[in-house]
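Chain residues, written in single-letter form:
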Amino acid sequence: MNRLSPARRKVALLVFDGVKMLDFAGPAEVFVEANQSLADGYEIVLLSADGRDVMTSIGVRVGVSGAAGDARDFDTVMVPGSELPPGAFVTPQVKEAAAHLARHTRRLASVCSGAFVLAELGLLDGKRATTHWKFAADLARRHPAVTVEPDSIFVRDGRTYSSAGVAAGMDLALALVEEDHGADVARRVAQSILVYMQRAGGQSQFSASLRGPVPRSPLVRDVADLIRADPARHHTVAGLAAQARVSPRHLTRLFRLELERSPTEFIAEMRFERATELLDAGHTVTESAEIAGFGSAEGMRRAFVSRLGISPKKYQQRFQSTGNGRGRPERV
């Protein structure tokens, strides 16, 4: 493989009929935006297996630069995914194109179910990888030689990267920009496209507010929204029940029935999520504890150790950039 000069990094995205548009357009926009901060950053090319235009998942026809088999000498190759079943889009032609590109790139990445393409080629055997949570079990079942991490936003194992779907592809692209050009450039890109810089790969695909069932009844939905709006407030089950005009026992029963947790547990989750957002934004541990409603830094420390196994300070140090603070993370 003939490596490019680091002054100009060529990025190829392999597209195909049925490709999920955000899976390739999102990462591509990250690299293009990075060029605004770099004298000579990235060249982006879209390739298909046969060089023909492709029809995306939303019915938009996208033109390509050429056939994958005729291209070589890439810094990065990304394989996006599709909402179609793997058997429908992981065709022999797509596999052959991906195999060729894999031989002619410094690093290889997948977005969402694009991981099935790499797995079918054996490129993920013996490695850790991730995909969108709804495809993770199928990926693990089809490819037992792959260690699937269903909860990670993105994972790096050697020169191979994989990410969950849609927005996670942008998180991965930001991490690649940081790896290439440093945290300052990646941060400027994140600010420009209005996304969080701090979503490191090891973070969960699910925020606390997205885990578990959605409230079914207006009563539980209203109380949950009240807690989300101000988790730092001194919420009590009795006070929430009074506002909802039901008994504390009935409110607790409804929360457990619809959300599979008590009101007190839900309050704790919302405070924890708020604290992580504050730490991500650069607030100190003491400030975050006060604003999130923990009452003390020690109380927040106990919550973080219980949930993550690390202190708030360690969390902030670990997730202060797209990697682990060293620019070239081993597990991201």
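Above this note sits the structure.
Counting restarts for each chain, with residues numbered from 1 along the sequence as it is written. Confidence filtering applies because this is a predicted model: local features only for residues at pLDDT of at least 70, side-chain atom pairs given and counted only at 80 or more, and all residues used for totals across whole chains, interfaces and linings. For side-chain calculations, the full set of non-hydrogen atoms in the structure is used, while hydrogens and water are omitted.

**Thoughts on helix α6 (residues 167-181)**
Numbering goes from the N terminus for both helices and strands, where a helix is a DSSP run of H or I of at least four residues and a strand is a run of E of at least two. For a helix, the expected span equals 1.5 Å multiplied by the number of residues minus one. Across its 15 residues, α6 extends 21 Å between first and last C-alpha, which sits within 8% of the 21 Å expected from 1.5 Å per residue. The buried fraction of α6 amounts to 13 of the 15 residues, a majority that puts the element mostly inside the structure. After α6 finishes, the residue G182 shows a positive phi value of roughly 100°. Accessible area is worked out with a 1.4 Å probe on protein chains only. A residue is then buried under 20% of its type maximum, exposed over 50%, and partly exposed in between.

**Digging into the sheet that holds strand β11 (residues 160-163)**
Between any two strands, at least two bridges found by DSSP are needed for them to pair. Spatially, the seven strands line up as an open sheet ordered β5-β2-β1-β6-β7-β11-β10, and their pairing is mixed. Each edge of the sheet is formed by a strand with only one pairing partner; in this case those strands are β5 (66-67) and β10 (154-157). Contact definition: two residues touch when any of their heavy atoms are within 4.5 Å. Structural elements are reduced to axes, namely lines fitted to C-alpha atoms, with helices fitted over the stretch in contact, and the angle between N-to-C directions of any two is expressed from 0 to 180 degrees. Set on the sheet, helix α1 (residues 21-34) makes contact with β1 (9-14), β2 (42-48), β6 (74-79) and β7 (105-111); between it and β2 the angle comes to about 160°.

**What about the pattern of salt bridges?**
Working definition: two side chains of opposite charge can pair if their charged atoms are close together. The salt bridge definition used is simple: a Lys or Arg side-chain nitrogen within 4 Å of an Asp or Glu carboxyl oxygen. Here the structure, examined in full by the defined rule, presents 24 salt bridges. Here K20 makes a salt bridge to E83, at a shortest N to O gap of 3.2 Å. On the criterion of sequence distance, the pair formed by K20 in the loop between β1 and α1 and E83 in the loop between β6 and α2 (86-89) is long-range, its members being 63 residues apart.

**Considerations on the packing of helix α8 (residues 218-229) against helix α11 (residues 263-280)**
Running from N to C, α8 and α11 cross one another at 35°; their axes reach a closest spacing of 9 Å. α8 and α11 meet at a crossing whose hand is right-handed. The residues of α11 that touch α8, namely those facing A224, I227 and R228, are F266, I267 and M270. Taken together, the residues of the contact of α8 with α11 sort by class into five nonpolar, no polar and one charged. Left-handed describes a crossing whose near helix is turned anticlockwise from the far helix through less than a right angle; right-handed describes the clockwise counterpart. When residues are sorted by character, Ala, Val, Leu, Ile, Met, Phe, Trp, Tyr, Cys and Pro go into the nonpolar class, Asp, Glu, Lys and Arg into the charged class, and all the rest, Gly among them, into the polar class.

**Looking at the pairing of β10**
The two faces of β10 match: F154 and R156 on one face and V155 and D157 on the other face are all buried. Across four bridges, the pairing between β10 and β11 is antiparallel. The residue of β11 that forms the bridge with F154 is S163. Between β10 and β11, which pair antiparallel one after the other, the connecting turn spans two residues, and G158 there sits at a positive phi close to 65°.

**Observations concerning the packing of aromatic side chains**
For this analysis, a ring pair means two rings from Phe, Tyr or Trp (six-membered ring only for Trp) whose centres lie within 6.5 Å, classed as stacked if their planes differ by under 30 degrees, edge-to-face if by over 60, and tilted for the remaining angles. Applying the stated rule across the entire model yields six aromatic pairs. Plain terms: the ring middles of F31 and Y42 are 4.9 Å apart, the flat faces sit at 50° to each other, and that makes the pair tilted. Residue F31 is located in helix α1, and its partner Y42 is located in strand β2; the two are separated by eleven residues in the primary sequence. The pair F31 / Y42 is uniform in exposure class, with both members buried. For the pair F272 and F304, a centre-to-centre distance of 4.7 Å together with 50° between the ring planes defines the contact as tilted. Highlighted residues: F272 in helix α11 and F304 in helix α13 (residues 297-308), separated in sequence by 32 residues. A residue is classified by how much of its surface remains accessible, and F272, at 9% relative accessible area, is buried. By relative accessible area, which is 0% here, F304 ends up buried.

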